[in-house]
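Here are the chains, one letter per residue:
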Amino acid sequence: MSDAVAVFGDLKAESDELDLIVRELREADWAADTPAAGWTVAHQIAHLAWTDAVALLAVTDPGAFAVEAQRAADDPAGFVDEAARAGAAQPAPVLLARWRDGRDRLGAALGEAPPGARFPWYGPPMSAPSLATARLMETWAHGQDIADALGVERVPTARLRHVARIGVRARDYAYLLRGEQPPAEPFRVELTGPEGELWVYGPEGAAQYVTGPALDFCLLVTQRAHRADLAVRAKGPDAGHWLEIAQAFAGPPGKGRAPGGARGRGV
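Every chain's residues receive numbers from 1 upward, in the order its sequence appears when written. Note on the predicted model: pLDDT of at least 70 is required for a residue's local features to be given, and 80 or more for side-chain atom pairs to be given and counted; whole-chain, interface and lining totals, by contrast, use all residues. Water and hydrogen atoms were dropped before computing side-chain values, which therefore reflect all heavy atoms in the structure.

> Just checking my understanding: could you explain the pairing of strand E3 (residues 188-192) for this structure?
The side chains of a regular strand alternate, residue by residue, between the two faces of the sheet. Here a strand pair is declared whenever DSSP counts at least two bridges between the two strands. Only DSSP runs of H or I reaching four residues or more are called helices, and only runs of E reaching two or more are called strands; each is numbered from the N terminus. Taken together, the 5 bridges between E3 and strand E5 (residues 209-213) define a ladder with parallel strand orientation. Across the sheet, the residue bridging to leucine 191 is glycine 212, located in E5. The sheet contact formed by E3 and strand E4 (residues 198-201) spans 4 bridges and is antiparallel. The partner of valine 189 across the bridge, within E4, is tyrosine 201. As consecutive antiparallel partners, E3 and E4 are separated by 5 residues, and within that stretch glycine 196 has a phi angle of approximately 90 degrees, a positive value.

> Even after reading the chapter, I still don't get the nonpolar core, so can you show me in this structure?
Where a protein is soluble and globular, its nonpolar side chains tend to be buried together. With 61 residues, the main nonpolar core has Leu110, Trp121, Val189, Leu191, Val210, Phe217 and Trp242 as its most contacted residues. Ranked by the residues each element gives to this core, the list is headed by helix H7 (residues 128-150), at 8 residues. Pairs of residues are marked as contacts when any of their non-hydrogen atoms sit within 4.5 Å. When neighbours within four sequence positions are excluded, valine 210 is seen to be in contact with Arg188, Val189, Glu190, Phe217, Val232, Arg233, Ala234, Ala239, Trp242 and Leu243. Put simply, buried Ala, Val, Leu, Ile, Met, Phe, Trp, Tyr and Cys residues joined by side-chain atoms within 4.5 Å make one nonpolar core. Whether a residue is buried, partly exposed or exposed follows from its accessible area with a 1.4 Å probe, protein chains only, as a fraction of its type maximum: under 20%, in between, or over 50%, in that order.

> Please clarify how the environment of tryptophan 99 should be interpreted in this entry.
Of note, tryptophan 99 is situated in helix H6 (residues 92-112). As a C-alpha pair, tryptophan 99 and leucine 48 span 51 residues in sequence and 7.1 Å in three-dimensional space. Those residues in contact with tryptophan 99, other than ones at most four positions away along the chain, are Ser15, Leu18, Asp19, Val22, Ile45, Leu48, Ala49 and Asp52.

> Help me out: how do you make sense of the pattern of salt bridges in this one?
Between side chains of opposite charge, a pair can form when the charged atoms approach closely. Throughout this description, the term salt bridge denotes a Lys or Arg side-chain nitrogen within 4 Å of a carboxyl oxygen of Asp or Glu. Applying the stated rule across the entire model yields 19 salt bridges. Among the ionic pairs, aspartate 52 bridges to arginine 135, the shortest N-O distance being 2.8 Å. Here the residue aspartate 52 occupies a position in helix H3 (residues 41-60), and arginine 135 occupies one in helix H7, the gap between them amounting to 83 residues. Considered together, aspartate 52 and arginine 135 belong to a single accessibility category, that of buried residues. In this structure, glutamate 244 and arginine 227 form a salt bridge, with 2.7 Å as the shortest nitrogen-oxygen distance.

> How should I be thinking about the packing of aromatic side chains in this particular structure?
Aromatic rings in a pair are described by how distant their centres are and how their planes are angled relative to each other. Side-chain rings of Phe, Tyr and Trp (the six-membered ring for Trp) are treated as a pair once their centres are within 6.5 Å; stacked means planes under 30 degrees apart, edge-to-face means over 60, and tilted covers the remaining angles. The tally for this structure, following the rule as stated, stands at 7 aromatic pairs. Judged by centre distance (6.0 Å) and plane angle (50 degrees), the rings of phenylalanine 79 and tyrosine 122 are tilted. Remark: tyrosine 122 occurs in the loop between strand E1 (118-121) and strand E2 (123-127) and phenylalanine 79 occurs in helix H5 (residues 79-88); sequence separation between them is 43 residues. Assessed through its relative accessible area of 10%, phenylalanine 79 is described here as buried. Its end group placed over the ring of tryptophan 99, arginine 103 keeps NZ or CZ at 4.2 Å from the ring centre. Remark: a charge is flagged as sitting over a ring if the NZ atom of Lys or the CZ atom of Arg is within 6 Å of the ring centre and within 35 degrees of the ring normal. For arginine 171, the ring lying beneath its charged end belongs to phenylalanine 187, and the centroid distance is 4.3 Å.

> What is the right way to look at the sheet that holds E3 in this model?
Strands in a sheet are paired, the pairing made by backbone hydrogen bonds, and the direction either parallel or antiparallel. Read from one edge of the open sheet, 4 strands run E4-E3-E5-E6, paired in mixed fashion. Strand pairing shows two members of the sheet lacking a second neighbour, E4 and strand E6 (233-235), which therefore form its edges. On average, each strand axis in the sheet is tilted by 15 degrees relative to the strand beside it, whichever way the strands run. Here an axis means a line fitted to C-alpha atoms, over the contact stretch when the element is a helix, while the angle between two N-to-C directions is reported on a 0 to 180 degree scale. The strands touched by helix H8 (residues 160-169) are E3 and E4; relative to E4, the strand with the most contacts, the crossing angle is about 25 degrees.

Dropping the structure here:
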């Protein structure tokens with residue numbers, strides 16, 4: 001099975017795993033603060049539900065998506081928080097049902113998309129597999145915030161390869177967001193997967209490279225942990241700078257988080 005096809009099933013599996021964490025939560029747990037300042041568990045699920053709905057618009061109604069994209073352009077700092085607040089105000093059963101229905105509908109739409117089709121997004125247009133990868137990345141990252149808030153230890157899976165890949169491919173995007181010129185030369189990235197396997201990106205023999213556990217790299221590029229708290233290492237000044245600004249998600253530059261273990265929202 002190609003990775004482009006596998007990502008559809010992996011997106012469902014990632015969502016189902018998060019569902020197992022939140023499905024039996026008490027009302028107080030939904031109101032628990034997550035490491036993202038001002039965001040509770042309910043805010044995190046509301047954000048996922050809203051973003052799934054917007055992604056479904058991109059696939060099924062590009063004109064309606066363009067309206068949403070303009071709202072984002074008009075208020076890049078506030079539109080995400082506004083949607084999360086509105087969703088978090090719903091009763092937990094309603095919010096949970098909304099998230100489940102939206103992700104199922106999005107999964108079906110992505111799976112039925114014609115090969116080669118591209119859809120608008122908050123950046124370059126994306127294919128159905130790429131959009132599914134982006135949704136998996138966000139589901140995993142916001143799931144990490146929820147797990148941290150609830151004291152749940154998640155077991156890393158091979159699904160992290162999708163998060164890692166989008167993190168590597170977004171290298172130049174992170175520079176451009178900050179008005180910086182991306183390095184001309186490619187980097188080598190060598191990551192150790194959950195089962196000890198090696199995931200490799202970039203040319204062999206590159207002068208600058210990054211190494212470390214895949215989990216730590218994924219936490220870094222989703223800005224769920226500070227570089228100082230992770231075992232990700234760089235050789236070369238450009239590779240080192242990239243680890244300071246890496247960002248796998250669309251939107252304005254993330255604020256990251258302070259060192260010391262408290263995670264911060266980037267997506």
